[in-house]
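Structural description and commentary
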Amino acid sequence: MAKKKNKLVIEPFDDIRIIGISTAMLDYQLAWNINKLLKIDLVKYKSISPNNEDFFSFYFYDSGENSNAYNLVALSSGGREWVSFKPKTDYLFIVRNYINDNDFQQYLNKIKSILKVNHAYVIDLELNNKIDIILEDIEFHEMRIMDEINKRFD
């Protein structure tokens, strides 16, 4: 009789849409432009480090319960890359929770309209096997930041 093997099944991240951005802009410049065009308030928090050696810029905005949450995360820092995508991608703009296709397309078009953005495109979560690990790192980083903020108010 063959032994049964336990298999770990990872659930995909639901209700997440991601725009990959290629630009030479500094993180704060890109965040400022996105805030202005999308009328959100991305705020810079402690940089994210997937390996405790390299640190990448991390921005977050939560528009409230039952609304969207947004991240802007750098994929390169000091000449080092967290992960490389094709086409070249310097930042991920992540929208969590449901957003209809029309609104998301408007976000994409507005980001493309930023003067120094070379390219912006939708990252297909099903075709890109690198994205789940990055999203997991981002989610844990965000939870640590929220814990630190909550401790300040306790």
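Now for a description of the structure that goes with this document. (Residues numbered from 1 in each chain as written. Predicted model: local features only at pLDDT ≥ 70, side-chain atom pairs only at ≥ 80, totals over all residues. Heavy atoms only, no water.)

**Focus on the overall build of the protein chain**
Heads up, the condition is: A run of H or I in DSSP becomes a helix once it reaches four residues, and a run of E becomes a strand once it reaches two; helices and strands are each numbered from the N terminus. As a reference, a globule follows 2.2 Å times the number of residues to the power 0.38, and the radius of gyration itself is taken over C-alpha atoms. Only protein chains enter the accessibility calculation, which uses a 1.4 Å probe; a residue is then buried when its area is under 20% of its type maximum, exposed when over 50%, and partly exposed in between. By the convention used here, residues are in contact when the closest approach between their heavy atoms is within 4.5 Å. Only the protein chains shown count as cover for residues, and all accessible areas are computed by the Shrake-Rupley method using a 1.4 Å probe. When charges are counted, Lys and Arg contribute as positive and Asp and Glu as negative, whereas His and the chain ends are disregarded. Charge positions come from single atoms, namely NZ of Lys, CZ of Arg, CG of Asp or CD of Glu.
Scanning the protein chain from terminus to terminus reveals three helices and eight strands. Its helices and strands taken in sequence order, the protein chain reads β-α-β-β-β-β-β-β-α-β-α from the N to the C terminus. Its C-alpha atoms give the protein chain a radius of gyration of 17 Å, near enough to 15 Å, the size a compact globule of 154 residues would have. Taking the principal axes of the C-alpha coordinates as reference, the protein chain spans close to 65 × 45 × 35 Å. Looking at the 154 residues of the protein chain, the share that counts as buried comes to 41%. At a minimum sequence separation of 6, the contacts of the protein chain that also span at least 24 residues come to 63%. For the protein chain, the exposed surface amounts to about 10,200 Å²; the carbon and sulfur share of it is 49%. Positive and negative side-chain charges in the protein chain, numbering 20 and 23 respectively, have mean positions lying 5 Å apart.

**Here we look at helix α1 (residues 27-38)**
Structural remark: α-helix, 3.6 residues per turn; residues separated by three or four positions point the same way. Spelled out, the test is: One less than the residue count of a helix, multiplied by 1.5 Å, gives the span that helix is expected to have.
For α1, which comprises twelve residues, the first-to-last C-alpha distance of 16 Å matches the rise-based estimate of 16 Å (1.5 Å per residue) to within 8%. Of all the residues in α1, the buried ones are Asp27, Leu30, Ala31, Asn33, Ile34, Asn35 and Leu38. Trailing α1 by a residue or two, Lys39 shows a phi angle of about 55°, which is positive.

**Focus: the sheet that holds strand β4 (residues 69-74)**
Selection criterion: At least two DSSP bridges between two strands are needed for those strands to be called paired. Axis angles are defined between N-to-C directions and span 0 to 180 degrees, where every axis is a line fitted to C-alpha atoms and, for a helix, only to the segment in contact.
Strand order across the open sheet formed by six strands is β2-β3-β4-β7-β1-β8, with antiparallel pairing between neighbours. Two strands close off the open sheet at either side, each with one partner strand: β2 (43-48) and β8 (117-122). Strand-to-strand twist of the sheet, defined as the mean angle between neighbouring strand axes without regard to direction, takes the value 20°. Helix α3 (residues 131-153) rests against β1 (16-23), β2, β3 (56-62), β4 and β7 (91-96) of the sheet, and its axis sits at about 115° to β2.

**Things to note about the nonpolar core**
As a reminder of what qualifies: In this text, buried Ala, Val, Leu, Ile, Met, Phe, Trp, Tyr and Cys residues form a nonpolar core when linked through side-chain atoms within 4.5 Å.
Counting 46 residues, the largest nonpolar core has Ile21, Ile34, Leu72 and Phe93 as its most contacted members. Counting only elements with at least two residues in this core, the list comes to β1, α1, β3, β4, β7, α2 (101-112), β8 and α3. Residue contributions to this core peak at six residues, all from α3. Beyond its immediate sequence surroundings of up to four residues, Ile34 is in contact with Ile21, Lys39, Ile40, Leu42, Leu72, Phe93, Ile111 and Ile114.

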